[in-house]
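# Residue-level structural notes
Each chain is listed here by its residues.
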Amino acid sequence: MATMKEVQGQAAAILKDVAGTKADIHYSLDAALSACASGPEDGPKVWAIISGDDASSANSVLKALGAGQKRLAIVALATQGPISQLQVLRAMEYGDVYVAAAELGSKAKGAVSEASGYAAGTSVLLFATSEVVRGDSQWTAFSYDPRREAAGGSAFAADGAQVRKEIQSFLARESLLTLVAKRSLPCESTEGGSGGLGEGLADASKTVTILYTSDTGHAEECAKAVARQCRNGGYANSAVRCSTLDAFDIGAIGSEPLIVFCVATAGKGEFPGNGRGFWEKLNARASEFEGKLTDTKYCMFGLGDSHYWGKGTEDSRINFAKPARDLDEVLEKLGAQRLIPTGYGDDQDVDQYHTGFGEWKSQLYSRLGVDKATASGGEDDGPVKTDEVIKTETKQLRGTLKVALDDITTGQIPFHDTKLIKSHGSYQQDDRDLREERQKLGIENAFSFMIRVRLPAGYCTAEQWLAMDDTCGKYANGTLKITTRQTWQLHGIVKRDVKPTMRAINRACMDTLAACGDVCRNVMCTSNPSVCSRKLMDEIVGYTYAMHDHCLPRSGAYHEIFLMQGEEMAEKVQILGSTPLEEEPLYGLTYLPRKYKVAVAIPPCNDVDVFAHCCGFIAIIKDDKLQGFNVTVGGGLGFTHNNQKTHPRLADVIGFCEPQQAKYVCEAVMVVQRDFGDRTNRKHARVKYTVEDYGPEFYREEVEKVLGFKLGAARPYKFESRGDLYGWAKTEDGLWHCGCLVPIGRVKDDWRVGLRKIAEELKGGGGFR
């Protein structure tokens with residue numbers, strides 16, 4: 001195998017052969033950048049030949065691209081396999097950059113020739129030696145030339161039929177699609193043109209009218225976010241109008257160049273109160289507007305709840321976002337032109353309507369040319385930020401929660417804090433049955449909070465059960481909710497009782513940290529006591545605890561916000577009046593793209609559905625001794641209807657680890673997801689999609705890089721059952737166990753009384769799983 005110095009010599013010879021013997025060649029990026037800065041702006045390319053074998057080189061390339069030197073041409077040399085072509089592909093995100101990957105030799109000459117003639121920006125070339133290419137069955141030679149796109153073709157071209165999965169995944173990312181879409185938009189219309197949608201954007205951009213109708217304020221929030229983005233993107237304040245549907249003069253609809261509609265749903269598919277008048281007038285005057293809306297462009301975002309009338313029912317299907325769909329249909333019939341596809345926000349999504357709104361507004365902002373603006377400030381619009389931005393700006397999960405929870409003037413907390421409080425084990429909710437009545441009375445919704453306990457392996461003592469029963473009766477709605485992930489939830493907690501509830505849970509030696517949010521969630525473990533000896537069960541449960549404890553956020557925010565009381569406690573976390581920031585060693589500033597679910601299964605019982613989790617551990621037992629765990633990644637059964645990017649997936653077994661390695665493997669799987677997970681689309685951000693996009697082998701290799709050692713070969717195992725234990729069972733140690741079916745997991749009324757009696761009898765020795 002040739003040395004790096006020999007390969008550099010081959011690359012330099014190719015450059016001189018194509019670019020001329022006087023080609024300006026350097027062997028460091030700093031030297032090349034200095035040469036670019038000191039020479040004429042319109043001079044020939046300045047070449048930097050560097051190693052492409054390590055991550056630091058890739059980061060240096062991306063940093064150099066940020067300098068925006070059009071004369072710079074980078075040649076990264078790959079002399080070792082396997083090759084990650086993802087790093088060089090990311091150069092495309094910097095705009096006008098020529099990118100290519102080729103085998104070192106005659107094929108590289110074509111790339112050098114194209115790069116030499118590319119004057120619009122930097123050129124980045126990845127050259128691999130013949131030995132490396134032959135050792136990589138998925139190597140993809142390609143070029144990305146923005147000049148081809150300007151000529152009406154595709155900027156990306158692969159030199160062959162095979163394109164490796166990591167490249168396919170990258171091309172599908174929203175970041176690149178947005179880049180391509182922006183460049184593909186028609187420019188100014190030519191004389192005698194057809195007056196198509198692209199041509200009309202110039203006229204549409206003169207003014208924009210944003211109309212909303214909402215009972216809850218959600219559609220209003222979306223509308224004001226659009227208004228703020230337009231103002232900050234260059235629209236004059238007077239050119240951006242934002243109001244309710246009913247406040248709009250229906251007679252002027254034909255004179256509006258662009259209308260953005262944000263339409264919520266009320267009742268059984270009805271328009272909210274501040275939009276019904278508009279809808280009635282539009283239908284009454286429909287014949288008057290026929291043929292007069294051809295110069296009006298519009299776009300629609302509808303909000304609704306796809307399960308409001310029952311999951312999967314015909315009523316739910318018909319009435320989901322019905323006002324938006326009806327208005328869209330009428331406008332289309334009247335001749336108005338749809339600017340972008342209609343978007344929908346569903347209350348059933350993890351982030352409610354925010355997920356759909358994020359996807360829709362990205363398209364809208366790109367079409368209006370305001371996607372580079374920073375949406376902040378702007379009268380009373382208030383900031384609406386993405387989850388990723390919120391996570392980076394909240395001082396390691398602190399935000400303004402401490403102050404917001406003490407504010408007695410309102411029952412809710414600010415929007416950004418509703419995202420943040422999830423990582424502390426809570427969600428803000430409201431009673432939707434009371435929404436309409438409270439809107440009529442002019443008062444805010446009936447807000448309350450759900451609090452979820454962190455309970456690895458689902459184990460609690462009898463004393464802890466009694467403490468939760470007392471807490472449920474004192475602060476919540478009187479019902480203990482047992483979840484499918486082996487823990488409890490308390491519902492109906494008003495804001496003033498959130499901190500007292502958290503403190504009551506803490507006094508019982510439990511917490512809610514990381515029970516929700518974009519972190520490692522409660523780790524499950526097989527609960528059937530008959531699958532192994534009690535000693536072995538205790539050992540495996542111990543490793544389950546260790547996994548979750550190891551993957552917890554290290555921020556002290558939880559204790560500062562919910563547990564610390566009194567001035568003497570405040571002094572311990574205050575330095576000159578400001579809270580210190582820690583470094584999150586596992587999560588960094590942005591935490592994970594989405595939640596991370598882990599389960600431990602003990603064959604022959606798979607009661608935790610280990611293949612439906614982001615990461616799973618299958619206990620391998622021989623002669624009543626724990627040998628270790630088979631490791632699974634990439635499982636999950638959730639998906640979104642009518643969204644082909646989402647789908648269920650069973651996890652892959654990627655190897656075996658020893659018991660004491662399990663917590664580090666759990667961390668490594670999480671860290672790979674942190675770095676490679678999709679942060680542009682929360683519906684495509686779980687581990688299963690990362691494994692699907694990159695492949696199980698790639699994921700295993702990355703996990704092993706983080707670990708610093710190889711996983712072993714998976715060992716034989718056999719699952720014989722998936723169900724739960726019901727009724728009495730006696731184990732080899734002489735103890736009796738009883739499995740109870742609690743309807744829908746709701747411990748209330750007689751169930752609550754009965755289980756409390758059992759807990760009182762078990763005090764001092766018994767427990768619950």
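## So, the overall build of the chain
What the chain contains, in helices and strands, is 29 helices and 27 strands. When each of the 769 residues of the chain is scored for burial, the buried share is 51%. For the chain, restricting intrachain contacts to residue pairs at least 6 apart in sequence, the fraction spanning at least 24 positions comes to 73%. For the chain, the accessible area works out to roughly 34,900 Å², and carbon and sulfur atoms hold 50% of it.

## Structural notes on the pattern of salt bridges
In total, this model carries 28 salt bridges according to the counting rule given. Residue Lys391 pairs with Glu388 through a salt bridge whose shortest N-O separation is 3.0 Å. Highlighted residues: Lys391 and Glu388, both in helix H17 (residues 387-392), separated by three residues, approximately one helical turn. Relative accessible area serves as the criterion here: at 15%, Glu388 is assigned to the buried category. Three or more residues are tied together by salt bridges with common partners; here these are Glu388, Lys391, Asp518, Arg679 and Arg682.

## Details of the pairing of strand E22 (residues 625-633)
Here E22 lies mainly inside the structure; seven of its nine residues are buried. Relative to E22, strand E21 (residues 615-622) runs antiparallel, the two sharing eight bridges. Each residue of the ladder has a partner; that of Cys615, found in E22, is Val633. Joining the antiparallel neighbours E21 and E22 is a turn of two residues, in which Asp623 adopts a positive phi near 55°. As paired elements, E22 and strand E23 (residues 652-657) share five bridges and run antiparallel to each other.

## Focus on the environment of Lys535
In this structure, Lys535 sits in helix H23 (residues 534-550). Among the residues examined, Lys535 registers a relative accessible area of 73% and is labelled exposed. As a C-alpha pair, Lys535 and Asp733 span 198 residues in sequence and 9.6 Å in three-dimensional space.

## Considerations on the sheet that holds strand E2 (residues 46-51)
Pairing in this open sheet of seven strands is mixed, and the strands run E1-E2-E3-E5-E4-E6-E7 from one edge to the other. With one partner strand each, in any of the chains shown, strand E1 (24-26) and strand E7 (156-158) form the two edges of the open sheet. Taking the axes of each pair of neighbouring strands and ignoring which way they run, one obtains an average angle of 15° across the sheet. Most of the contacts of helix H5 (residues 106-116) go to strand E4 (residues 98-103), to which it runs at about 165°, and overall it touches E2, E4, strand E5 (123-128) and strand E6 (142-144).

## Focus on the side chain of Gln8
Relative to the assigned elements, Gln8 resides in helix H1 (residues 4-19). Setting aside residues up to four positions removed in sequence, Gln8 forms contacts with Tyr27, Ile49 and Leu77.

## Regarding the sheet that holds strand E18 (residues 488-493)
Pairing is antiparallel across the open sheet formed by five strands, whose spatial order is E14-E15-E18-E17-E26. Edge positions in the open sheet fall to strand E14 (426-430) and strand E26 (746-747), since each of these has one partner strand only. Bridging between strand E15 (residues 447-452) and E18 involves three bridges; their strand directions are antiparallel. For Ile451, the partnering residue across the bridge sits in E18 and is Leu490. Contacts from helix H21 (residues 462-475) reach strand E17 (480-482), E18 and E26, with the element oriented near 15° to E18. Against the sheet, helix H22 (residues 498-507) touches E14, E15 and E18, its axis set at about 15° to E15.

## Thoughts on a negative patch on the surface
On the surface, Asp623, Asp624, Glu732 and Asp733 cluster together into a patch of negative charge. Structurally, the position occupied by Glu732 is in the loop between strand E24 (727-730) and strand E25 (736-739). Taking the relative accessible area as the measure of exposure, Glu732 reaches 60% and is therefore exposed.

## Examining the confidence of the model for the chain
Residues of the chain with pLDDT of at least 70 account for 87%, and the chain-wide mean is 85. Contacts of residues 173-205 to residues separated by more than four positions or lying in other chains number 49 contacts, the stretch itself having pLDDT below 50. Confidence drops under a pLDDT of 50 for residues 571-580, and excluding neighbours within four residues, the segment shows ten contacts in the predicted structure.

## Some details on the packing of helix H27 (residues 687-694) against helix H28 (residues 696-707)
The description of two helices packed together rests on the angle between their axes and the distance between the axes. Running from N to C, H27 and H28 cross one another at 110°; their axes reach a closest spacing of 6 Å. By the criterion of interaxial angle, the relationship of H27 to H28 is roughly perpendicular. Contacts from Val687, Thr690, Val691 and Tyr694 in H27 reach Pro696, Phe698 and Tyr699 in H28. A breakdown of the residues in the contact of H27 with H28 according to their chemical character gives six nonpolar, one polar and no charged.

## Notes on the packing of helix H12 (residues 276-284) against helix H15 (residues 322-333)
Two elements in contact, H12 and H15, have axes separated by 12 Å at closest approach and are oriented at 30°. In terms of their interaxial angle, H12 and H15 are classed as roughly parallel. In this structure, H12 crosses over H15, and the sense of that crossing is left-handed. Here Phe278, Trp279, Leu282 and Asn283 of H12 come into contact with H15, specifically with Asp326, Leu327 and Val330.

## Structural notes on the packing of aromatic side chains
Scanning all chains against the criterion turns up 21 aromatic pairs. Here Tyr558 and Phe562 contribute two aromatic rings whose centre-to-centre distance is 5.6 Å and whose plane-to-plane angle is 50°, an arrangement assigned as tilted. Taken as a pair, Tyr558 and Phe562 lie in helix H24 (residues 557-563) at a separation of four residues, close to a single helical turn. Classification of Phe562 as buried rests on a relative accessible area of 0%. Aromatic ring contacts, followed pair by pair, group Phe248, Phe261 and Phe278 into a single cluster. The lysine or arginine in question, Arg715, covers the ring of Phe656, its NZ or CZ lying 3.9 Å from the ring centre.

## Examining unusual backbone geometry
With omega at 10°, the peptide bond leading from Pro603 into Pro604 counts as cis. Within the fold, Pro604 resides in the loop between strand E20 (598-601) and E21. The phi dihedral of Gln486 falls on the positive side, at around 60°, and the residue is not glycine. Relative to the helices and strands, Gln486 is located in the loop between E17 and E18.

## Concerning the side chain of Glu256
Within the element layout of this structure, Glu256 appears in the loop between strand E9 (240-244) and strand E10 (258-263). Its relative accessible area of 8% is what places Glu256 among the buried residues. Not counting chain neighbours up to four residues away, the residues in contact with Glu256 comprise Thr209, Arg241, Phe248, Asp295, Thr296 and Lys297.

## Regarding the state of the cysteines
Using the criterion set out here, one finds zero disulfides in the structure. Cys666 provides the cysteine sulfur closest to Cys615, a residue in no disulfide bond, and the two sulfurs are 5.0 Å apart.

Definitions and cut-offs
Residues numbered from 1 in each chain as written. Predicted model: local features only at pLDDT ≥ 70, side-chain atom pairs only at ≥ 80, totals over all residues. Heavy atoms only, no water. Helix = DSSP H or I, 4+ residues; strand = E, 2+ residues; numbered from the N terminus. Buried < 20%, exposed > 50% of the residue type's maximum accessible area, 1.4 Å probe, protein only. Contact = heavy atoms within 4.5 Å. Areas by Shrake-Rupley, 256 points an atom, 1.4 Å probe, with all protein chains shown as cover. Salt bridge = Lys/Arg side-chain N within 4 Å of Asp/Glu carboxyl O. Pairing = 2+ DSSP bridges. Axes fitted to C-alpha atoms, helices over the stretch in contact; angles between N-to-C directions. Patch = residues over 30% accessible without salt bridge, like charges linked within 9 Å, V, L, I, M, F, W, Y side chains within 5 Å. Lys, Arg positive; Asp, Glu negative; His and termini not counted. Charge placed at Lys NZ, Arg CZ, Asp CG, Glu CD. pLDDT = per-residue confidence, 0-100. Parallel < 35°, antiparallel > 145°, perpendicular 65-115°, else oblique. Nonpolar A, V, L, I, M, F, W, Y, C, P; charged D, E, K, R; others polar. Left-handed = near helix turned anticlockwise from the far one by under 90°. Phe/Tyr/Trp six-rings, centres within 6.5 Å; stacked < 30°, edge-to-face > 60°. Lys NZ or Arg CZ within 6 Å of the ring centre and 35° of its normal. Disulfide = S-S within 2.5 Å.

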